[in-house]
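Chain residues, written in single-letter form:
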Amino acid sequence: MLIQRASLLDGTVADIRVSEQIVAVGPQLATSPGEQVYDARGGTVIPGLHDHHVHLRSAAAALTSTQVGPADVHSRQDLARVLAAADIGSDGWLRAIGYHEAVAGALDREILDELSPPVPVRVQHRSGVLWTLNSAGLARVGLADHPDGRLRSADHTWSDTLTRNEIGLAEVSRRLSAYGVTGVTDATPDLEVGDVVKLMEAHRHGELDQRVHCLAPGKRILHDSDLDLAALTAWIAERHADGAPVAVHCVTAAQLVVTLAALRSAGGHPQDRIEHAAVVPDGSLADIAESGATVVTQPNFVTERGEQYLHDVPAAEHHELWRVASLLSAEVPVALSTDMPFGDGDPWKAMRAAVTRTTGGATVLGADECVPARQALTMFLGSADAPVVPRRIAAGQPGDLCILRARPDEVLNELDSGMVTATVIAGEVVYDR
Ligand SMILES: [Zn+2]
């Protein structure tokens, strides 16, 4: 297809011929017979966004789950009311997500039995790593005698007994296309080979338009209660011996410090990643840079969870949360992402959060970590294989584009997904407002 009158980020106006790859970029390219023509009318055209850390299956399941996070539920009685009113899935489960202790304290099977209807119920913590099941749910997954009903997401002994919700992936894809997202990296740690193949097939069959890359089996979650430096080091060394990188999930300072120690012992792979880096103490900046790992972080949580942080985290540590600018200054490679569905899947909101770092209540959290709009945008333009190398509008680059209705200065000023008018993947229009 031929895109006419496109404003590029550097201000030049050009036509773009695109198929699987970008074929040509230049002023007033001649149309070919039968070619689809799209007039961008001076609107900005950028490479399609790549969200470097998402969870596609969870995002699909979230569409039919009940939200029980602090934004929606405010007390124990409130939680009981919301669970009583919730839809039961066709699989017989009541699936609730986004839970945090701020709602009604720590959950266990007994508390859930009191609060929930007498059907199998599972409630996911908003961190995504932990579920709490009620007694009916525990019986359903064959763990009737489980002591507290708290089960890890990555534990296959129970999650394999659940039937997957296969609906919803197309809807997730449609929403991503409307944001101008043309590729995603699925960071789910417990995906098995079959799951990865299914996602690839969903892309090939057109249910999922976005290009998809999966980190599994090179992704590992850490838990503060059983940090094991020797085991982590051995796993990293083993992956590297196979020529493969690792991605380690670090949401606490302790997890980061142990991961950096393990990377130091095992040595690095150029594509190693640290996911989240939600808390980076001052003393760890140089160590991350030395590790060579890319940090894939989510500044959107400053906006989405900032009020909670103001309440829970001492002021002296606010600058350690979801850092971006100081990582870049320390020459750490950084890519941005949303962690959809645990974070809002709109990458433009994440860019705005990286620029303003304002909480829901408009407090600025870690003002020194703000980055310019262009930088925030660029950190969504890498690819799965090279997250910090921005793709460009140039011949030979992938034919994945995001077309916006405004000029570049306005796009950068607003960073608003409402400006996306069309999305092109491999030369095909997958979204057209
Ligand atoms: Zn995640």
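Scroll up a little and you will see the structure.
The structure reproduced in this document is the subject of the present report. If you're wondering where the values come from, they're calculated on a predicted model, not measured in any experiment.

With that settled, the discussion passes to the overall build of the protein chain. On a plain count of helices and strands, the protein chain comes out with 16 helices and 21 strands. A globule of 433 residues ought to have a C-alpha radius of gyration of about 22 Å, and the protein chain, at 22 Å, matches this closely. Here the protein chain holds 433 residues, and the buried ones make up 56% of them. Considering only residue pairs separated by 6 or more positions, the protein chain has 71% of its internal contacts joining residues 24 or more positions apart. Per element, the accessible surface of the protein chain, about 18,000 Å² overall, is 51% carbon and sulfur.

Before going further, it helps to examine the packing of helix 9 (residues 229-241) against helix 10 (residues 253-266). Running from N to C, helix 9 and helix 10 cross one another at 50°; their axes reach a closest spacing of 9 Å. When the axis of helix 9 is compared with that of helix 10, the two are oblique. Helix 10 is crossed by helix 9, and the crossing has right-handed handedness. For the pair formed by helix 9 and helix 10, the contact residues are Leu229, Leu232, Thr233, Ile236, Ala237 and His240 on the first element and Val258, Thr259, Ala261, Ala262, Leu263, Ser265 and Ala266 on the second. The residue makeup of the contact of helix 9 with helix 10, split by class, is 9 nonpolar, 4 polar and no charged.

Strand order in this open sheet of 4 strands is 5-19-20-21, and the pairing throughout is antiparallel. The open sheet has two edge strands with one neighbour each: strand 5 (45-47) and strand 21 (428-432). Strand-to-strand twist across the sheet, computed as the mean angle between neighbouring axes with direction ignored, equals 25°. Relative to strand 21, strand 20 (residues 420-425) runs antiparallel, the two being bridged by 4 bridges.

A separate point is the sheet that holds strand 16 (residues 273-276). As summarised here, the arrangement of the 5 strands in space is 14-15-16-17-18, forming an open sheet in which the pairing is parallel. Two strands lie at the open edges of the sheet, namely strand 14 (219-221) and strand 18 (334-336), each paired on one side alone. On average, each strand axis in the sheet is tilted by 25° relative to the strand beside it, whichever way the strands run. The pairing of strand 15 (residues 247-250) with strand 16 spans 4 bridges and is parallel. Paired with Val248 across the strands is Ile274, a residue of strand 16. Across the sheet, helix 9 touches strand 14 and strand 15, and the angle it forms with strand 14 is around 170°.

The next thing to look at is the nonpolar core. Residues Leu49, Leu56, Ile274, Ile288, Trp348 and Leu377 are the most contacted members of the largest nonpolar core, which totals 68 residues. Looking at this core, the element that brings in the most residues is helix 10, giving 5 residues. Ignoring any residue separated from it by four or fewer positions in sequence, one finds Leu377 in contact with Leu9, Ile46, Leu49, Trp348, Met351 and Leu412. Membership of the second largest hydrophobic core comes to 17 residues, among which are Val73, Leu83, Val103 and Val123.

Glancing now at helix 14 (residues 347-356). The complete set of buried residues in helix 14 reads Pro347, Trp348, Ala350, Met351, Ala353 and Ala354. Two or three places before Trp348, at the start of helix 14, stands the capping residue Asp346, its side-chain oxygen 2.8 Å from that residue's backbone nitrogen. Positive backbone phi, at 50°, marks Arg357, one or two positions downstream of helix 14.

Applying the stated rule across the entire model yields 14 salt bridges. Residue Asp287 is joined to Arg264 by a salt bridge in which the shortest nitrogen-to-oxygen separation is 3.9 Å. Remark: Arg264 occurs in helix 10 and Asp287 occurs in helix 11 (residues 285-291); sequence separation between them is 23 residues. Connected through shared salt-bridge partners, Glu20, Arg211 and Asp400 make up one network.

The subject of this paragraph is helix 2 (residues 76-85). Side chains of residues three or four places apart in an α-helix project in the same direction, reflecting 3.6 residues per turn. Within the sequence span of helix 2, burial applies to Asp78, Leu79, Val82 and Leu83. Buried residues of helix 2, viewed axially, fall in a sector of 130°; they line one side. With respect to the buried face of helix 2, the exposed residues turned more than 90 degrees away are Gln77, Arg81, Ala84 and Ala85. On the buried face of helix 2, the contacting elements are strand 7 (66-67), strand 8 (94-99) and helix 4 (109-115).

This paragraph deals with the pairing of strand 8. Among the 6 residues that make up strand 8, 6 are buried, leaving the element largely enclosed by the rest of the structure. Relative to strand 8, strand 7 runs parallel, the two sharing 2 bridges. Along strand 8, the bridge assignment pairs Thr66 with Ala96. For the segment spanning strand 7, helix 2 and strand 8, crossover handedness is right-handed. Of the pairings in the sheet, the one linking strand 8 to strand 9 (residues 121-125) comprises 4 bridges and is parallel in character. What sits directly across from Leu94, in strand 9, is Val121.

Here is what the cut-offs are and how they apply
- Residues numbered from 1 in each chain as written.
- Predicted model: local features only at pLDDT ≥ 70, side-chain atom pairs only at ≥ 80, totals over all residues.
- Heavy atoms only, no water.
- Helix = DSSP H or I, 4+ residues; strand = E, 2+ residues; numbered from the N terminus.
- Rg over C-alpha atoms; globule rule 2.2 N^0.38 Å.
- Buried < 20%, exposed > 50% of the residue type's maximum accessible area, 1.4 Å probe, protein only.
- Contact = heavy atoms within 4.5 Å.
- Areas by Shrake-Rupley, 256 points an atom, 1.4 Å probe, with all protein chains shown as cover.
- Axes fitted to C-alpha atoms, helices over the stretch in contact; angles between N-to-C directions.
- Parallel < 35°, antiparallel > 145°, perpendicular 65-115°, else oblique.
- Left-handed = near helix turned anticlockwise from the far one by under 90°.
- Nonpolar A, V, L, I, M, F, W, Y, C, P; charged D, E, K, R; others polar.
- Pairing = 2+ DSSP bridges.
- Core = buried A, V, L, I, M, F, W, Y, C linked by side-chain atoms within 4.5 Å.
- Polar contact = N/O pair within 3.5 Å; in protein donor to acceptor, adjacent residues only side chain to side chain.
- Salt bridge = Lys/Arg side-chain N within 4 Å of Asp/Glu carboxyl O.
- Arc of directions from axis to C-beta.
- Right-handed = clockwise from strand over helix to strand, strands pointing away.

Coordinates in, geometry out; function isn't part of it.
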